[in-house]
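Inside the fold
The primary structure of each chain is shown beneath.
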Amino acid sequence: MPSFEEARGIILAHVAPLGEENVPLPDALGRVVSRDIIAPWDLPQYDNSAMDGYAVHAADCTSVPTRLLITGFLPAGGADCPAVTVGCAVRIMTGAPIPAGCNAVVPIEETEQEGDQVVIKQRVLPKQHVRVKGSDVASGTQVLPAGSQVRPAEIGMLAAMGQALVPVFRKARVAILSTGDELIELGESPKAGSVINSNALSLAAAVREAGAEPVLLGIARDNLESHREKMREGLCCDALITSAGVSAGDRDLVREVAASLGAEELFWKIGMKPGGPTAFSVWQGKPIFSLPGNPVSTMVTFELLVKPALLKMMGHHRVLPPFVKGILAEDAHKKPGKLHFIRVTVKKRHGRHVAYCAGEQHTAILSTMTRCDALAALPCDATFIPAGSEVDLALMREVDLLSEAEVGIRCCA
Ligand code: AMP
Ligand code: MG
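Each value, and the rule that gives it
Residues numbered from 1 in each chain as written. Chains lettered and ligands numbered in written order. Predicted model: local features only at pLDDT ≥ 70, side-chain atom pairs only at ≥ 80, totals over all residues. Heavy atoms only, no water. UniProt positions renumbered as here; feature names shortened; annotations may be inferred. Core = buried A, V, L, I, M, F, W, Y, C linked by side-chain atoms within 4.5 Å. Buried < 20%, exposed > 50% of the residue type's maximum accessible area, 1.4 Å probe, protein only. Helix = DSSP H or I, 4+ residues; strand = E, 2+ residues; numbered from the N terminus. Domains from an automatic or database assignment. Contact = heavy atoms within 4.5 Å. Near = heavy atom within 4 Å. Polar contact = N/O pair within 3.5 Å; in protein donor to acceptor, adjacent residues only side chain to side chain. Areas by Shrake-Rupley, 256 points an atom, 1.4 Å probe, with all protein chains shown as cover. 1 Å grid on protein atoms, 1.4 Å probe; cavity = no way out; pocket = protein on both sides within 12 Å on 5 of 7 lines; lining within 4 Å. Points joined across faces, edges and corners; volume = space filled by probe spheres on them. Nonpolar A, V, L, I, M, F, W, Y, C, P; charged D, E, K, R; others polar.

Under the annotation held in an unreviewed UniProt entry, the protein chain carries the name Molybdopterin molybdenumtransferase and is attributed to Geomonas paludis. Annotation of the protein chain in UniProt includes, under Sequence similarities (unreviewed entry), the sentence "Belongs to the MoeA family." In its Catalytic activity (unreviewed entry) section, UniProt records this for the protein chain: "adenylyl-molybdopterin + molybdate = Mo-molybdopterin + AMP + H(+)".

Written out as structure tokens, the structure reads:
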């Protein structure tokens, strides 16, 4: 049985970035550029004013004060300005091109206007308040390396470079299949023994949050034909995630059907809790993540095992969840042999993350998941982890704003 890290290593070794596509710039947000982006021109494209003021030639302003004749006005967007001759200045607004014959800008605040003349009260240095052509990005240089994630800043830079279409790694289309005779869809009336198919919706949300596109396949019933039909459909996507039906129960059919379709199983069962019965297989290069059905196991295994794989498929370099060091606020007990991830709330105190048990830790307890700020990793061999011990925390959300009052129940598994 692989350890958690080994299992994740196996998964990551079996997935690769998907192909590329060109998308309109606004749609590139959150995506990863698939090629180096090279500047087609200088930025700025021309010398321009960084201030509202007067464009002058510094050599005309050697005495203090200096009087120059105002011979024109250049607003941003203005381009037509005759060359400025000796002893003259042009009133210029921020962003307007520096006219020929000038090499500096004097801010309005450092001048006084007297009729058609401007009085400059300070020394002027060449290039002062001039944004020089190419000083931000020089034509032909790399603006973004392949593998960069597109954030609002990158959108702005790509727009400034005239990049209306951006080459990015393809979004993964991820099929989501729930299995089980007990399942009903949201909106159907519950009857005795039925369970709302919440996993499909939490997984779809998690897939979307990871930047991928969920494809909901609905529910496979607990018979081979239903599983086969739905799983085959799912294999048209880039990846298939199944939930439930992967333990040792009589009606746990996911692995059997994956094998009958020709998938190669890389592992079944991992030394982690929750998520022990997870299976991973590959069908014609496509990953099949068979996650346990208990809603918490489904979400935790998605976060720690599936999401990194999807991120890698979409070209991301940083694929692992952010781990920080934290301090356990309470004693924790566990059985040896598996890495346990317990759901904790986290409070920052004196610059350290302090982790409190978020509540009952059974994998069917969904409410503890909604209170969870982080998953605290309790080492494999440990059986007793005393309060004050340092643990790794996989952060599930920003924790800075939590107040003491929100910290909740104080008990641990
Ligand atoms: P199984 O692995 O099929 O034995 O399922 C384990 C547990 O997870 C059972 O209590 C199921 O009812 C529950 N479960 C399975 N699938 C889902 C689902 N899609 N949504 C919510 N709970 C589920
Ligand atoms: Mg089942």
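On to the nonpolar core. In this structure, Ile 241, Phe 289, Phe 302 and Leu 310 are the most contacted members of the largest nonpolar core, which totals 43 residues. Here this core takes 10 residues from helix α6 (residues 295-313), the largest share from any one element. When we break this core down by domain, the ones giving at least three residues each are domain 1 (4-16 + 171-313) and domain 4 (323-406). Not counting residues within four places of it along the chain, the set of residues in contact with Phe 302 comprises Leu 203, Ala 206, Val 207, Ile 241, Leu 291, Lys 307, Pro 308 and Leu 310. One finds Leu 177, Val 215, Val 257 and Leu 261 within the second-largest nonpolar core, a separate group that totals 17 residues.

This part is about the UniProt feature "domain: MoaB/Mog" (unreviewed entry) in the protein chain. The positions that UniProt labels "domain: MoaB/Mog" (unreviewed entry) are, in the present scheme, residues 175-312. Taken as a whole, residues 175-312 contains 35% helix and 29% strand, while its terminal C-alpha atoms sit 17 Å from one another.

In the neighbourhood of ligand 1, 16 residues make up the surrounding shell, with Glu 182, Asn 197, Asn 199, Gly 245 and Gly 293 lying closest. One nitrogen or oxygen atom from the side chain of Glu 182 is found 2.7 Å from an oxygen atom belonging to ligand 1. Within the backbone of Gly 245, a nitrogen or oxygen atom sits 3.2 Å from an oxygen atom of ligand 1. Expressed as a share of its isolated accessible area of 480 Å², the protein-covered part of ligand 1 is 76%.

Take the layout of surface pockets next. In this structure, the largest pocket encloses a volume near 590 Å³. The wall of the largest pocket is formed by 26 residues, among which Gly 30, Gln 149, Leu 311, His 316 and Arg 318 lie closest to the centre. With 4 residues, α6 is the single largest residue contributor to the lining of the largest pocket. Of the residues that constitute the lining of the largest pocket, the class distribution is 11 nonpolar, 6 polar and 9 charged. Counting the residues that make up the lining of the largest pocket, at least three belong to each of domain 1 (4-16 + 171-313) and domain 2 (20-43 + 135-169). Its boundaries defined by the atoms lining it, the second largest pocket holds a volume of some 410 Å³. Contributing elements (two or more residues each) for the lining of the second largest pocket: α3 (198-209), α6 and α7 (366-370).

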